[in-house]
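Commentary on secondary and tertiary structure
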Number of protein chains: 2
Amino acid sequence: MTPEQFRDAGRQTIDWIARYLEQIERYPVLAQVAPGDVRRRLPAQPPERGESFEAILHDLDDVILPGVTHWQSPNFFAYFPGNASPPAMLGDLVSSGLGVQGMLWATSPACTELETHVLDWLVDMLGLPDRFKSSGQGGGVIQDTASSASLCALLAARERATAFRTNATGVDCVLTAYTSTQAHSSLEKAAGIAGIGRRNVRLIERAIEEDRRAGHTPCFVCATVGTTSSTAIDPIPAIADVCRRSGVWLHVDAAHAGSAALCPELRWIHTGVEHADSYCFNPHKWMLTNFDCDCFYVADRRALISTLSVTPEYLRNPASESGAVFDYRDWHVPLGRRFRALKLWFVIRHYGVEGLRAHIRRHVALAQEFASWVQADDRFELAAPAPLNLVCFRLVTGDEATQRLMDDLNGSGRLYLTHTRLAGRLVLRLAIGGTYTERRHVEAAWQLIRTRA
Amino acid sequence: MTPEQFRDAGRQTIDWIARYLEQIERYPVLAQVAPGDVRRRLPAQPPERGESFEAILHDLDDVILPGVTHWQSPNFFAYFPGNASPPAMLGDLVSSGLGVQGMLWATSPACTELETHVLDWLVDMLGLPDRFKSSGQGGGVIQDTASSASLCALLAARERATAFRTNATGVDCVLTAYTSTQAHSSLEKAAGIAGIGRRNVRLIERAIEEDRRAGHTPCFVCATVGTTSSTAIDPIPAIADVCRRSGVWLHVDAAHAGSAALCPELRWIHTGVEHADSYCFNPHKWMLTNFDCDCFYVADRRALISTLSVTPEYLRNPASESGAVFDYRDWHVPLGRRFRALKLWFVIRHYGVEGLRAHIRRHVALAQEFASWVQADDRFELAAPAPLNLVCFRLVTGDEATQRLMDDLNGSGRLYLTHTRLAGRLVLRLAIGGTYTERRHVEAAWQLIRTRA
């Protein structure tokens, strides 16, 4: 494909996406297909000869779209949002176009330096502590997901707790990690990966001192700002106190909720974060940046780098050896990495800090309004406080009716929401965070919920 | 940004990339900047108000490009290629536009089913064993990098060797893993992450039986098809024999070289792979698909899924519970995932299998020709066989002269190559794999190398 043909195919693709976004409300939000429906429409063998670009775009409409759940629909209220935006898409397109690989500073200095810079910006934008900035001992890096960020934090914690011995020789003591019952499942997964063992994650509150007396080595606490089930917020200052006294690594996972701190009036969610060893939030959830983009910060980058650095000859270079640069390959699991800072840079510049705040405020206000509607209707009850943009509610008549309501709503194709279980009871989760979600969509959702109830 | 404004900004972005690709040979291949040069040009504070799209594109030229090392330049011969292509970029753009998150089959069925389908296609396209297909007990998944694929393979191996005990309770025995001295550094990193310990990776040939007699638990062998230093190929059939006898997991890392097997005459590189438990190759290296895209296959997907699956309430759904679908979140470290199969599908359909083969054959032929030029010049010698598209060579006058030559070549900005060390001696690596690299670029490179030598 010559550059001229690329111009033509590129315009067709841009037009296809624009049309998709214009018409997105026409599609059922939750894909209405059965397992195997999409594959059945695909040829068993790949084409021997190249096909026209038009044929490929045609199959997007014909084969792919019916099997897509429309995360960008303004009527998508499931899970947490994964809100993309036009500037993010185009920033990512430039990243694809440049096709650089930023494993080392030397393999594309701009890829590393823009990332460090934009992640420093975000420390100020969210009012995070200065210790996470690159100018001191800390620094930020883009990870794919909060799961990977938690894993890296846990690994650095494991090493610090064992004087960097386990990384070389393997785990030879019982290490323990702590989190609340409502923390994200990624921590249990990370403990399994790290060789600590899932059973050594204390999902209930349990004294670190008790484990120490039993001969175990407490190494890590993961506190959550905005749990997945209900955006509950752990008491960080009290947890930080315990961690400081016992020398245990404190990681704060604010994957979804962190973006709220763009607004000064919502920065209370981060109280105590100044004592954390590491912190992460996902612009790919609620800051208009398409997946994947998790911002992961550490207060002492040496602990992270010592844990993850391995340098074979073919990666050695003068810039790395000078110590004057960051080589981000040592800050996460993968070696290769794409230029993800571009999309974040495009988003921040296009919207400006004020524009991003307006977007958060709109969603929070809509969620508060929705919660007030739920409260005013006798058939429903709120199942948890709604401090931000997630409302947890249920039918007072119980789990079975609530489940039937959810299935009915999602089957209608007119909106999509998901569930959780709080204190043993089924709860519906309505998360408001779509780039294009307006008041009328939330009103229509409530109207539909009331009618179907 | 409305869809109409997106059309306009999108066209500008497509034009910007087309122009970049047209003019790419004008830039120095290796960025000629010092640490901090890029950051110094960026404002200390993010903008309070949004800026015009034109201003952002302007800074791409002004601030970013001087700090970019041009991986897509036809004169880029460093590391291994990271060859992008227009259809891959546009496939990835569609993925950004759809903005779906494929953690579960249910969260966008097409995202999972297209991935399973295209990865099955690739089994046939590369002549890989049927056991890696989803129709049996195996299956393929896209990972970000071969590092992550190796880690997942090692984790599944660790679990299988300990009857799935360590995942729950932590590592409580000395586990050992094996690889050749020239294997990729990712394995050492993975062993550290997995709690096995880097020292328990045997970088030299060492009898598995000997470790077992010492009370250790051998769990994993990583064999390499096409090492990073010199595209050397491990004797897979002999290694597979040992693994089979001792019940040790065999992973084959063909990150770069695997794509060569698109051509039937090059499939000898995969001899013995039919006995592997897992295998990976990276279309983002040498199959025209922009980063990130590693194809990872397992022969027994249950071992992998048992290792990585954790299911909190908010992710439960009828499709998952029916067992009729794949939930790819259980096949890798991250939970969230983007629709990466689209770019692979676009690439395969646009080029067709024949088109992809032609591209591999062109690079291999050019490398063979370059190697013959090196052999014919008394001042140079080949430092290793060049079975594919990488030529390792050096000046006969020794390391110092070779180093000077490399610095001089890379400083010229006219090409970029990197080095390694083989048998203790410095070696230059010239890897031919650019989407736009033609004979004239390789000729010019050789001309420049001879002149500067």
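Everything that follows concerns the structure shown earlier in this document.
What comes next concerns the included structure. This one's a predicted model, so the numbers in the text were calculated from it and none came from an experiment.

**As for the overall build of chain A**
Helix and strand counts for chain A stand at 16 helices and 11 strands. Relative to a compact globule of 453 residues, whose C-alpha radius of gyration would be 22 Å, chain A shows 23 Å and is just as compact. For chain A, the spread of C-alpha atoms along the principal axes amounts to about 65 × 60 × 45 Å. Every one of the 453 residues in chain A was classed for burial, and the buried ones make up 68%.

**Concerning the pattern of salt bridges**
Opposite charge on two side chains makes pairing possible when the charged atoms of those side chains draw close. Within this structure, the stated rule accounts for 78 salt bridges over all chains. With a closest N to O distance of 3.6 Å, Glu381(A) and Arg425(A) form a salt bridge. Residue Glu381(A) is found in strand 8 (residues 380-382), and its partner Arg425(A) is found in strand 11 (residues 425-431); the two are separated by 44 residues along the sequence. Residue Glu381(A) is classed as partly exposed on the basis of its relative accessible area of 27%. Owing to a relative accessible area of 32%, Arg425(A) belongs among the partly exposed residues under this scheme. One connected set of salt bridges, linked through shared partners, spans Asp92(A), Arg338(A), Lys343(A), Asp92(B), Arg338(B) and Lys343(B).

**Re the relation of the copies chain A and chain B**
Note: a rotation about an axis with an accompanying shift along it relates these two copies of the chain. Once chain A has been moved 0.0 Å along the axis and rotated by 180°, it coincides with chain B to within an RMSD of 0.0 Å. Such a turn and shift between the copies fits a two-fold axis. By residue overlap, the copies meet face to face through one surface: 100% of the interface positions of chain A are interface positions in chain B.

**Some details on the sheet that holds strand 4 (residues 217-224) of chain B**
All names here are of chain B. A sheet is described by the order of its strands in space; here 7 strands give the open sequence 1-7-6-5-4-2-3, paired in mixed fashion. Taken across any chain shown, the strands that pair with only one partner, and hence form the sheet edges, are strand 1 (139-143) and strand 3 (201-202). Strand direction decides the pairing type here: strand 6 (residues 278-281) and strand 7 (residues 294-298), joined by 4 bridges, are antiparallel. When the bridges of strand 7 are listed, Ser278 appears paired with Val298.

**Some points on the packing of helix 4 (residues 86-98) of chain A against helix 1 (residues 3-23) of chain B**
At a minimum axis separation of 10 Å, helix 4 of chain A and helix 1 of chain B run at an interaxial angle of 10°. The angle between the axes of helix 4 of chain A and helix 1 of chain B places the two elements in the roughly parallel class. Across the interface between the two elements, Pro86(A), Met89(A), Leu90(A), Leu93(A), Val94(A), Gly97(A) and Leu98(A) from helix 4 of chain A touch Phe6(B), Ala9(B), Gly10(B), Thr13(B), Ile14(B), Trp16(B), Ile17(B), Tyr20(B) and Leu21(B) from helix 1 of chain B. Its residues placed into classes, the contact of helix 4 of chain A with helix 1 of chain B shows 13 nonpolar, 3 polar and no charged.

**Concerning the nonpolar core**
Residues Leu122(A) and Leu122(B) are the most contacted members of the largest nonpolar core, which totals 191 residues. Discounting residues that sit within four places of it in the chain, Leu122(B) has contacts with Leu128(B), Phe281(B), Met287(B), Cys295(B), Tyr297(B), Leu344(B) and Ile348(B).

**Points about the packing of helix 6 (residues 146-161) of chain B against helix 8 (residues 186-193) of chain B**
All names here are of chain B. Interhelical geometry of helix 6 versus helix 8 gives an angle of 50° and a closest axis separation of 9 Å. Here helix 6 is positioned oblique relative to helix 8, judged by the angle of their axes. Crossing of helix 6 over helix 8 shows right-handed handedness. Each of Ser147, Ser150, Leu151 and Leu154 in helix 6 lies in contact with helix 8, whose residues at this interface are Ser186, Ala190, Ala191 and Ile193.

**A short note on the pairing of strand 7 (residues 294-298) of chain A**
Residues and elements named next belong to chain A. A large share of strand 7 lies buried, amounting to 5 of its 5 residues. Of the two faces of strand 7, both are covered, the one formed by Asp294, Phe296 and Val298 as well as the one formed by Cys295 and Tyr297. By the bridge criterion, 5 bridges tie strand 1 (residues 139-143) to strand 7 in an arrangement that is antiparallel. In the sheet register, Gln143 faces strand 7, and the bridge partner there is Asp294.

**Things to note about the packing of aromatic side chains**
According to the stated counting rule, one finds 40 aromatic pairs over all chains in the structure shown. Here Phe132(B) and Tyr297(B) contribute two aromatic rings whose centre-to-centre distance is 6.0 Å and whose plane-to-plane angle is 35°, an arrangement assigned as tilted. Highlighted residues: Phe132(B) in the loop between helix 5 (109-125) and strand 1 and Tyr297(B) in strand 7, separated in sequence by 165 residues. Per residue, the accessibility class of Phe132(B) equals that of Tyr297(B), and both read buried. One aromatic cluster is present, formed by Phe370(A), Trp373(A), Phe380(A), Phe393(A) and Trp446(A) through successive ring pairs. Seen from the ring of Phe80(A), Arg429(A) lies directly overhead, with NZ or CZ sitting 5.1 Å from the centre.

**Concerning the pairing of strand 11 of chain A**
All names here are of chain A. With respect to burial, strand 11 is a largely interior element, 6 of its 7 residues being buried. In terms of strand pairing, strand 9 (residues 390-395) meets strand 11 through 4 bridges, oriented antiparallel. Each bridged residue has a counterpart across the sheet, and for Val391 the counterpart in strand 11 is Leu430. Pairing of strand 10 (residues 418-422) with strand 11, which is carried by 5 bridges, proceeds in the antiparallel orientation. Bridging across to strand 11, Thr420 finds its partner in Val427. Where strand 10 hands over to strand 11, the hairpin turn is made up of 2 residues, of which Ala423 adopts a positive phi near 50°.

**Considering the sheet that holds strand 7 of chain A**
Residues and elements named next belong to chain A. Overall, mixed pairing links the 7 strands, which are arranged 1-7-6-5-4-2-3 in an open sheet. What marks the edges here is a single partner per strand, and that holds for strand 1 and strand 3 (201-202). Sheet topology places strand 4 (residues 217-224) next to strand 5 (residues 249-253); 5 bridges connect them, and they run parallel. Note on strand 5: the bridge partner recorded for Cys222 is His251.

Reading guide: rules and limits
- Residues numbered from 1 in each chain as written.
- Chains lettered and ligands numbered in written order.
- Predicted model: local features only at pLDDT ≥ 70, side-chain atom pairs only at ≥ 80, totals over all residues.
- Heavy atoms only, no water.
- Helix = DSSP H or I, 4+ residues; strand = E, 2+ residues; numbered from the N terminus.
- Rg over C-alpha atoms; globule rule 2.2 N^0.38 Å.
- Buried < 20%, exposed > 50% of the residue type's maximum accessible area, 1.4 Å probe, protein only.
- Salt bridge = Lys/Arg side-chain N within 4 Å of Asp/Glu carboxyl O.
- Least-squares fit on C-alpha atoms with pLDDT ≥ 70 in both.
- Contact = heavy atoms within 4.5 Å.
- Pairing = 2+ DSSP bridges.
- Axes fitted to C-alpha atoms, helices over the stretch in contact; angles between N-to-C directions.
- Parallel < 35°, antiparallel > 145°, perpendicular 65-115°, else oblique.
- Nonpolar A, V, L, I, M, F, W, Y, C, P; charged D, E, K, R; others polar.
- Core = buried A, V, L, I, M, F, W, Y, C linked by side-chain atoms within 4.5 Å.
- Left-handed = near helix turned anticlockwise from the far one by under 90°.
- Phe/Tyr/Trp six-rings, centres within 6.5 Å; stacked < 30°, edge-to-face > 60°.
- Lys NZ or Arg CZ within 6 Å of the ring centre and 35° of its normal.

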